[in-house]
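# Observations on the model geometry
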Amino acid sequence: MEIYQVSVFVENKSGKLADITDVLSENGINIRALCIADTADFGILRLIVEDPHKTEKILMENGFTVTLTKVIGARISDTPGGLSTVLRILSDAGISIEYLYAFIEKTADRASVILRVDDDVNAEKALTENDVELIDGDAFHE
Amino acid sequence: MYYNKKIETMEREELKKLQAERLKKTVERVYNNVPLYRERFDEYGIKPEHIKTVDDLKNLPFTYKTDLRDTYPYGLFAAPMDEVVRIHASSGTTGKQTVVGYTKNDIDVWAECVARGIVSVGGSDKDIVHVSYGYGLFTGGLGLHDGATKLGAAVVPVSTGNTARQINIFKDFGSTILCCTPSYAMYLAEAVKDSGISPDELKLRIGIFGAEPWTEEMRQEIEKGLGIKAYDIYGLSEVCGPGVACNCYMQNGLHVQEDHFIPEIIDPDTGEVLPEGESGELVFTCITKEALPLIRYRTRDISSLIYGKCECGRTTVRMTKPCGRTDDMLIIRGVNVFPSQVESVLLNIEGVSPHYHITVDRVNNLDTMEVAVEMSPSLFSDSVKVIQEKEKIIKQALLSTLNISVGVKLVGPKTISRSEGKANRVTDLRKNK
């Protein structure tokens, strides 16, 4: 199962981010991972949640602009050089990374990295060939 | 179909004769009853008997909005108060409000003008006319109300506001003609969509919109959103109210009710009358009004005139859709900018919402202009780069049309206030500096 990220437009105004998280909280949506991209006048909140389709629907009903994007999840070791290994593999395969964000897991010495790349198929192929464990969507989505 | 076929299809020569006769009477009326006109005509050395034909009109002095303010409230009335049966007033957002009056006959004439307009866009006495213009001192509500009543249609005087109820009335009462400002029509279209109703479920077929400038692009948006044909009605309270001119079903210019109002297009700087087809300031002379017959009233609206016979069969002159008012015009770093130009640019870009707001400021002695545009699903992406590219496309399009660089600010969906009356699309912060 693929991993889908929910991206939400955030106007650059105080309280706007809390407006979004309030909606998520009221609807019992648990955030598994997130990152925020910000520019001078707007931001994009990127979320990994259990049910991306339901989350998209709820946010849209509450008046937010939302989009779903397929992203790649990779397991890396929570040790120096863990991220570097993955990035080198992608670089060698000629794949550009749009953005990424990482988080550590509660158990084990592992971390996860969410990657948004320009070529999903080849990125997944390169990572698998180099023995990097890809995270199945089921790990996040129910 | 015509409401008054004889007048609406009258040959030009015959019409000119009728206009000349009425103009003469009106000039006499204002000269004898309104001190300001008597003084001004005397100043110009004009006596009523000098006005013999419509061509003599160009020798008469103009009337300005300031004249109404200077003689506030009733100083330009040409009828005694016992003949006045209605008083309206402008909103006064840009200064002291202006007060206008009507005799019984003025109200009848106004209603007939509106009735002609409704018929010329395909309406009839079988229609259910939903009036969502504001009722009150503003001429929109009662103007359309009286016109539709005169026609014999069923009027639903909803007035403005309470959008959910408006939509229920569309459904339950089977409204067929909607009358309101174009910005409120846009808002209603959005609300219909949000409530999950398809325009096909509604009986609406015609929209008659006016009281503010709107673009051709906005017309198409409204037509799509409500599943109707959208028509322009024009008027201003000083001249009469909505109905001075109205589209016919050809949607190619607005027929002026010339047996009551004579239009001219002038150069706003020199006051010279411009030839047919040239764009300039629209000026009206009322030739049948009794209470407030203004002579050569400067509307500040920019338009042009088409005299050729219309395909609908009407011979009355058509004015082109006003593209803005001389006083809506913003001067940004010496360049003239109309909010309607911004609207056209935005609506021509796929996926941009028609709601926008312009903020003008002065930073370090330099004018700045920023357009707030609502984020829409088609502008949005998970990638900053993609959004910024789209932002750049909007900026480029504005630059190439306006010839000045304009900032674009993306704001959240539905955060730009929706108007139930006339939209307020510009904030000019320079005024407070």
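Residues numbered from 1 in each chain as written. Chains lettered and ligands numbered in written order. Predicted model: local features only at pLDDT ≥ 70, side-chain atom pairs only at ≥ 80, totals over all residues. Heavy atoms only, no water.

### Comments concerning the overall build of chain B
Across its full length, chain B holds 11 helices and 20 strands. The C-alpha radius of gyration of chain B comes to 22 Å, within 12% of the 22 Å expected for a compact globule of 433 residues. For chain B, the proportion of its 433 residues judged to be buried stands at 58%. Only carbon and sulfur atoms are counted for the fraction: they give 50% of the accessible area of chain B, which is about 18,000 Å². Of the charged side chains in chain B, 53 are positive and 59 negative, and the gap between their average positions amounts to 1 Å. (Helix = DSSP H or I, 4+ residues; strand = E, 2+ residues; numbered from the N terminus. Rg over C-alpha atoms; globule rule 2.2 N^0.38 Å. Buried < 20%, exposed > 50% of the residue type's maximum accessible area, 1.4 Å probe, protein only. Areas by Shrake-Rupley, 256 points an atom, 1.4 Å probe, with all protein chains shown as cover. Lys, Arg positive; Asp, Glu negative; His and termini not counted. Charge placed at Lys NZ, Arg CZ, Asp CG, Glu CD.)

### Focus on the pattern of salt bridges
Residues and elements named next belong to chain B. On inspection of all chains with the given rule, the structure shows 32 salt bridges over all chains. Notably, a salt bridge pairs Glu190 with Arg418, separated by 2.8 Å at the nearest N-O pair. Taken together, the residues Glu190 in helix H8 (residues 182–194) and Arg418 in the loop between strand E19 (407–411) and strand E20 (426–428) connect sequence positions 228 residues apart. Here Glu190 and Arg418 have matching classes, each one buried. Here the residues in one salt-bridge network are Arg22, Glu112, Arg116 and Asp259, joined through shared partners. (Salt bridge = Lys/Arg side-chain N within 4 Å of Asp/Glu carboxyl O.)

### Some remarks on the packing of H8 of chain B against helix H9 (residues 216–226) of chain B
Axes are the key here: two packed helices are described by the angle between their axes and the distance separating the axes. Residues and elements named next belong to chain B. Close contact between H8 and H9 brings their axes to 9 Å; oriented N to C, the two are set at 35 degrees. As H8 packs across H9, the resulting crossing turns out to be left-handed. Where H8 approaches H9, its residues Pro182, Ala185, Met186, Leu188, Ala189 and Val192 are matched on the opposing element by Met218, Glu221, Ile222, Gly225 and Leu226. Each residue belonging to the contact of H8 with H9 can be placed in one class, and the counts come to nine nonpolar, one polar and one charged. (Axes fitted to C-alpha atoms, helices over the stretch in contact; angles between N-to-C directions. Left-handed = near helix turned anticlockwise from the far one by under 90°. Contact = heavy atoms within 4.5 Å. Nonpolar A, V, L, I, M, F, W, Y, C, P; charged D, E, K, R; others polar.)

### Examining the side chain of Asp106 of chain B
Considering the arrangement of structural elements, one finds Asp106 of chain B in helix H5 (residues 104–120). For the buried Asp106 of chain B, no salt bridge is present, and the opposite-charge side chain at shortest range is Lys289 of chain B, 5.7 Å distant.

### Re the pairing of strand E7 (residues 229–236) of chain B
All names here are of chain B. Burial analysis of E7 places six of its eight residues in the buried class, the great majority of the element. Here five bridges tie strand E6 (residues 206–210) to E7, and the two strands are oriented parallel to one another. Across the sheet, Gly207 pairs through a bridge with Ala230, a residue of E7. Bridging between E7 and strand E8 (residues 241–247) involves four bridges; their strand directions are antiparallel. Paired with Leu236 across the bridge in E8 is Gly241. Hairpin connection between E7 and E8: a loop of four residues separates the two successive antiparallel strands. (Pairing = 2+ DSSP bridges.)

### Considerations on helix H1 (residues 16–26) of chain A
Residues and elements named next belong to chain A. When we look at burial in H1, the residues that qualify are Ile20, Val23 and Leu24. Each buried residue of H1 lies within a common arc of 100 degrees when the element is viewed along its axis, so the set occupies one face. Residues of H1 that are exposed and point over 90 degrees away from its buried face: Ser25 and Glu26. The secondary structure elements touched by the buried residues of H1 are strand E1 (3–11), strand E2 (31–38), strand E3 (42–49) and helix H2 (52–61). One or two residues past the end of H1 sits Gly28, with phi positive at roughly 65 degrees. (Arc of directions from axis to C-beta.)

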